[in-house]
Amino acid sequence: MYRARTRDIEVAVEPYYLEEQSNPEEGRYVWGYHIVIENHSPVTVRLVHRYWHITDQNGVVDEVDGPGVVGEQPRLKPGDSYEYSSGCPLDTPSGMMFGHYDMQTDEGETFKVTIPAFSLDSPGLLRVLN
């Protein structure tokens, strides 16, 4: 599991390979990821926007930018958590993702919360470190 904490908002990500949706012979690799957002701060926040930076193993970048997550803009009171799952297809057997959420307090202040970088690796993929 990958974790990041910004202004006492913690984001944890667990990626997983979706073999049943992938087709390596046709260059289609699909991952799911489960995210848990926990509000450890003393203020209520709403997740109003998300940004993803997705890079495949060839260095091709895709950016996803839009309101909320999975059609929602969850509001988290102090101590609340919110979970969701989504997915990411790639044309290569590995890649990485990172990004941020724009959170807004009840007073109207907006700030960015880091989504930690995480790797997307197909099962059995041999990684070579230089």
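Residues numbered from 1 in each chain as written. Predicted model: local features only at pLDDT ≥ 70, side-chain atom pairs only at ≥ 80, totals over all residues. Heavy atoms only, no water.

Going by the annotation in an unreviewed UniProt entry, the name recorded for the chain is Protein ApaG, with Rhizobium puerariae given as the source organism.

Student: Give me the pairing of strand 4 (residues 45-56): which residues, what numbers.
Tutor: Across the 12 residues of strand 4, 9 count as buried, placing the element largely inside the fold. Bridge analysis of strand 4 against strand 6 (residues 75-76) gives 2 bridges, and the strand direction is antiparallel. When the bridges of strand 6 are listed, Arg46 appears paired with Arg75. With 11 bridges connecting them, strand 4 and strand 8 (residues 94-105) associate as antiparallel partners. Bridging from a neighbouring strand, Val45 pairs with Thr105 of strand 8. Bridge analysis of strand 4 against strand 5 (residues 61-67) gives 7 bridges, and the strand direction is antiparallel. Bridge assignment links Tyr51 to a residue of strand 5, and that residue is Asp65. (Buried < 20%, exposed > 50% of the residue type's maximum accessible area, 1.4 Å probe, protein only. Helix = DSSP H or I, 4+ residues; strand = E, 2+ residues; numbered from the N terminus. Pairing = 2+ DSSP bridges.)

Student: Which residues make up the side chain of Ser22, and what values do they have?
Tutor: Tracing the backbone shows Ser22 in the loop between strand 2 (9-17) and strand 3 (29-39). For Ser22, a relative accessible area of 12% translates into the label buried. One polar contact links the side chain of Ser22 to the main-chain carbonyl oxygen of Leu18, over a distance of 2.8 Å. Within the structure, the side chain of Ser22 is placed 2.8 Å from the backbone nitrogen of Val30, a separation counted as a polar contact. When residues no more than four places from it in sequence are discounted, the contact partners of Ser22 are Tyr17, Arg28, Tyr29 and Val30. (Polar contact = N/O pair within 3.5 Å; in protein donor to acceptor, adjacent residues only side chain to side chain. Contact = heavy atoms within 4.5 Å.)

Student: Go over unusual backbone geometry with me, naming the residues and quoting the values.
Tutor: Despite not being glycine, Arg7 has its phi angle at roughly 50°, a positive value. Look at Arg7 and you get partly exposed, because its relative accessible area is 44%. Although it is not a glycine, Val70 adopts a positive phi angle of roughly 40°. Turning to its location among the elements, Val70 is positioned in the loop between strand 5 and strand 6.

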